[in-house]
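Structural characterization, general
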2 protein chains.
Amino acid sequence: MASSTRSSKRQKTGAEMASETGDSLPYKLIYWPSIPGRGEHIRLAFEATGTPYIDVANQTDAGVNAVMAQISDKNIGDDNNPPPLAPPILQHGDDILLSQTPNILAYLGPKLGLVSDVTADSVGLYHVNALTLTALDGLSNEPHDVHHPIASSAYYEEQKEEALKKAADYRAVRLPKFLGYFERVLSGPASGGGEWLYGGKLTYADLVLFQTVDGVSYAFPKRVGKLKSSGKYDKVFALYERVKALDKVKSYLESDRRLKYSLGIYRHYPELDAED
Amino acid sequence: MASSTRSSKRQKTGAEMASETGDSLPYKLIYWPSIPGRGEHIRLAFEATGTPYIDVANQTDAGVNAVMAQISDKNIGDDNNPPPLAPPILQHGDDILLSQTPNILAYLGPKLGLVSDVTADSVGLYHVNALTLTALDGLSNEPHDVHHPIASSAYYEEQKEEALKKAADYRAVRLPKFLGYFERVLSGPASGGGEWLYGGKLTYADLVLFQTVDGVSYAFPKRVGKLKSSGKYDKVFALYERVKALDKVKSYLESDRRLKYSLGIYRHYPELDAED
């Protein structure tokens, strides 16, 4: 990967760099093909804002090799970029490579207009980042661990007994805790009216909450149905519907770019779901 | 909490705000008393840079109530701040409250000089953020889940059988994976020489790696000892010693402000440790 471009920019000011590394450089998402997974949060940020991007493993001949080369034990990165541990990886232009889902979103947020304007609210992007980290903790990482409580490298069937126990705790304790938390965020004044999580406008935290609620609804349809009908989380489910109805999001969800859930983070094993 | 100060600042420019919300405002850490926990990453950022801060629950009469009030189900935040789900919480001045460990560090990094200068390297802070998120994933969150694989709300003794299985996987697969990853980062050119994780200078990612390696060394002394003596992770352990020997860090570690591990994220249960 050519590194001369950015190295030469290191002598320039931040403002000069910001204009040079702006939207004119192409965005590429490097993520496992065929599953939504953690890459879906990045896809939604691009799709909701109408930002062109290339989903490398799904849309180019490189396929899964693009991912494998990045996460290889032999990859030590380049002059500008440490190696990534895992995808999703964002490539911006030729010489910027970033990993970790919430980190990629923090980088994209200001560029795609998915956080408050930093000149008017310099702290807003940190609130959006915290809300995103919390949604990913409780509504993405934990649901993954429900079907893989012992070892992520082993099959579900090898840890099914433990998964049944963890699923019971997730349904009874953790899922209501996180939905209740976001209901509380939407009830608070910093949400700016309760339609969006922060500041009265769409941010990438809303997209993440949409995607994680969509995922747990797929994995635990009975339990989420029961929680929804309780009426205790009406603001959360209204936000979910509000994001889903955005023109660009709606078009995306109806396109073949929206991949189906299968054996990724969110899995539907009927034995792990129940109303209670 | 008074919210008028920051609300009025929303009309000002980012530069004006940055200067007004600079280091002159006091920093307060709101975290559980008596344990290092996730609050330790914030303490280390302050201590390593000689930045004054108040550790509210340990150093003021408010004690644990300062934490409980923030995470109460009744707290809906204020005009500027969504409520936090959990500590650590950073209070900066009167009207900024931020949660989530890596988010607080991302906020503090530029203010405390613990990331590259943004005018010279506008992407560096995202690399530091990614490295931090990865260390917290594999060397903090996963070690916690080793002793609580089924339910964080239940006692270790209630999930000891499953913990024994998860510990075996953590020791054999996950711990070497993450140490190997950071060895690879330190072997790459973006580290700037292999003494620090990114850009040839101390960043908060180094402090986080120090603390997480310290934690797993406490929890799994036999296993970490064996991995250390393998010679495969020499750069990681050298970085650990390098951070530990920094004047301000050394003074802190020898002070009574450095709390002892007990029943927090890192726990030493001899039955969960082994050389293999």
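Residues numbered from 1 in each chain as written. Chains lettered and ligands numbered in written order. Predicted model: local features only at pLDDT ≥ 70, side-chain atom pairs only at ≥ 80, totals over all residues. Heavy atoms only, no water.

**Thoughts on the side chain of A:Thr132**
Residue and element names in this part refer to chain A. Applicable threshold: A run of H or I in DSSP becomes a helix once it reaches four residues, and a run of E becomes a strand once it reaches two; helices and strands are each numbered from the N terminus. The buried label applies to any residue whose accessible area, calculated with a 1.4 Å probe on protein chains only, is under 20% of its type's maximum; exposed applies above 50%, and partly exposed to all values in between. Polar contacts, as used here, are pairs of N or O atoms within 3.5 Å; protein pairs need one atom able to donate a hydrogen and one able to accept it. Residues neighboring in sequence count only if both atoms are side-chain atoms. Note on contacts: a residue pair is in contact if any heavy atoms of the two residues lie within 4.5 Å.
Here threonine 132 is to be found in helix 7 (residues 124-147). Take threonine 132: its relative accessible area is 0%, and that puts it in the buried class. Within the structure, threonine 132 has its side chain in polar contact with the backbone oxygen of valine 128 (distance 2.8 Å). Apart from the residues lying within four places of it in its own chain, the contact partners of threonine 132 are Pro102, Leu105, Tyr204, Ala205 and Val208.

**Brief notes about helix 7 (residues 124-147) of chain B**
All names here are of chain B. Selection criterion: By this rule, a helix spans an expected 1.5 Å times one less than how many residues it contains. We define the bend at any residue as the angle between the axes fitted to the seven residues before and including it, ending there, and the seven starting there.
The end-to-end C-alpha distance of helix 7 is 35 Å, a good match for the 34 Å that 24 residues give at a rise of 1.5 Å each. Largest kink in helix 7: about 35 degrees, centred on aspartate 137. Burial analysis of helix 7 places 20 of its 24 residues in the buried class, the great majority of the element.

**Overview of the UniProt feature "domain: GST C-terminal" (unreviewed entry) in chain A**
Basically, it comes down to this: UniProt positions are given in the numbering used here, feature names are shortened, and annotations may be inferred rather than shown by experiment.
Residues annotated in UniProt with the feature "domain: GST C-terminal" (unreviewed entry) correspond here to residues 129-272 of chain A. Structurally, residues 129-272 of chain A comprises 63% helix and 0% strand, and the distance from its first C-alpha atom to its last is 30 Å.

**Structural notes on the environment of B:Lys166**
Within the secondary structure, B:Lys166 sits in helix 8 (residues 160-187). Along the chain, B:Lys166 and B:Tyr218 lie 52 residues apart, while their C-alpha atoms are 18 Å from each other. For B:Lys166, the contacting residues outside a window of four places in its chain are A:Pro149, A:Ile150, B:Asp145, B:Val146 and B:Pro149.

**Looking at the packing of helix 3 (residues 39-48) of chain B against helix 9 (residues 204-219) of chain B**
Residue and element names in this part refer to chain B. The condition that has to hold: In this analysis, axes come from line fits to C-alpha atoms, helices being fitted only over the stretch in contact, and the angle between any two N-to-C directions falls in the range 0 to 180 degrees. Comment on the angle field: the value is read as roughly parallel under 35 degrees, roughly antiparallel over 145, roughly perpendicular from 65 to 115, and oblique elsewhere. Working rule for handedness: look at the near helix, and if it is turned counterclockwise from the far one by less than a right angle, call the crossing left-handed; if clockwise, right-handed. Each residue gets one label: Ala, Val, Leu, Ile, Met, Phe, Trp, Tyr, Cys and Pro are nonpolar, Asp, Glu, Lys and Arg are charged, and the others, such as Gly, are polar.
Where helix 3 meets helix 9, the closest approach of the two axes is 10 Å, and the angle between their N-to-C directions is 130 degrees. With respect to each other, helix 3 and helix 9 are oriented oblique. Here helix 3 and helix 9 pass one another in a crossing that is right-handed. Of the residues in helix 9, those in contact with Glu40, His41, Leu44, Ala45 and Ala48 of helix 3 are Leu207, Val208, Phe210, Gln211 and Thr212. Residue composition of the contact of helix 3 with helix 9, grouped by class: six nonpolar, three polar and one charged.

**Quick word on the sheet that holds strand 3 (residues 89-92) of chain A**
All names here are of chain A. As a reminder of what qualifies: Strand pairing is assigned whenever DSSP detects at least two bridges linking the two strands.
Spatially, 2-1-3-4 is the arrangement adopted by the four strands of the open sheet, whose pairing is mixed. Of all the strands in the sheet, just strand 2 (54-55) and strand 4 (96-99) have a single pairing partner and so form its edges. Along the sheet, helix 3 (residues 39-48) makes contact with strand 1 (27-30), strand 2 and strand 3, crossing strand 1 at roughly 160 degrees.

**Brief notes about the pattern of salt bridges**
Our working rule: Salt bridges, as used here, are contacts in which a Lys or Arg side-chain nitrogen is within 4 Å of a carboxyl oxygen on Asp or Glu.
All told, the structure shown has 19 salt bridges over all chains when counted by the stated rule. A salt bridge links A:Glu162 to B:Lys165; the shortest N-O distance between them is 2.5 Å. Of the two residues, A:Glu162 sits in helix 8 (residues 160-187) while B:Lys165 sits in helix 8, which places them in two different chains. The exposure class assigned to A:Glu162 is buried, which follows from its relative accessible area of 5%. One salt bridge connects A:Glu254 with A:Lys250, and the closest N-O pair in it is separated by 3.2 Å. Residue A:Glu254 and its partner A:Lys250 are both found in helix 12 (residues 247-254); the two are separated by four residues, about one turn of the helix. Judged by its relative accessible area of 59%, A:Glu254 falls in the exposed class. Residues participating in the shared-partner salt-bridge network are A:Glu40, A:Arg43, A:Asp55, A:Asp214 and A:Arg258.

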